[in-house]
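Commentary on secondary and tertiary structure
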Amino acid sequence: NTILKVWKKAGMQPEDVGLMADVDEVFSRDFLRAIQVCDFEPLRPGQSCQKPKIVPASLSFESSPYCLKRREWFHPDII
């Protein structure tokens, strides 16, 4: 809730997309561009902002891409 208040104070508009992530949780440039230009129904303005709209699953690595863990990791969040 605090983050949303700060974003609004900084000028965030209903058509903007917020990305909450740790520095080791990143999307590809292509995915971020798609979020900007494509119509994702869950991200349309006017919907509830009480929970993330898209929670993608990603691979989890232990120190190296050659050491893949067998679990899903649901971060970062897009709201």
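Since the structure is predicted, the reported quantities are computational estimates derived from the model, not experimental observations. The residue numbering used here restarts from 1 in each chain and proceeds along that chain's sequence as written. The model is predicted, so local features are restricted to residues of pLDDT at least 70 and side-chain atom pairs to those at 80 or more, both for listing and for counting; the totals for chains, interfaces and linings are taken over all residues. To get the side-chain values, all heavy atoms of the structure are used, and hydrogens and water are removed first.

**Details of the overall build of the chain**
- For the purposes of this entry, the term helix denotes a DSSP run of H or I that reaches at least four residues, the term strand denotes a run of E that reaches at least two, and both are numbered from the N terminus. The secondary structure content of the chain amounts to two helices and two strands.
- Along the chain, helices (α) and strands (β) appear in the sequence α-β-α-β when read from the amino end.
- Type-normalised accessible area, obtained with a 1.4 Å probe on protein chains alone, sets the label of each residue: buried when under 20%, exposed when over 50%, and partly exposed for intermediate values. The buried share of the chain, taken over its 79 residues, is 16%.
- By definition, residues are in contact when any of their heavy atoms lie within 4.5 Å. Look at the contacts in the chain between residues 6 or more apart in sequence, and 47% of them connect residues 24 or more apart.
- We get accessible surface area from the Shrake-Rupley algorithm with a probe of 1.4 Å; when it comes to residues, only the shown protein chains can shield them. Put simply, the chain shows about 6600 Å² of open surface, and 55% of that area lies on carbon and sulfur atoms.

**Brief notes about the confidence of the model for the chain**
- For every residue, the predictor assigns a confidence score, pLDDT, that lies between 0 and 100. Per-residue confidence for the chain averages 75 on the pLDDT scale, and 67% of its residues sit at or above 70.
- When pLDDT is averaged over each element of the chain, helix H1 (residues 2-9) comes out on top at 88 and strand E2 (residues 77-78) at the bottom at 70.

**Looking at the environment of valine 23**
- Mapped onto the secondary structure, valine 23 falls in the loop between strand E1 (19-20) and helix H2 (29-37).
- Along the backbone, valine 23 and proline 76 are 53 residues apart, and their C-alpha atoms lie at a distance of 9.9 Å.

**Structural notes on the environment of leucine 19**
- One can find leucine 19 in strand E1.
- When the C-alpha positions of leucine 19 and proline 76 are compared, they lie 7.3 Å apart, and in sequence the two are 57 residues distant.

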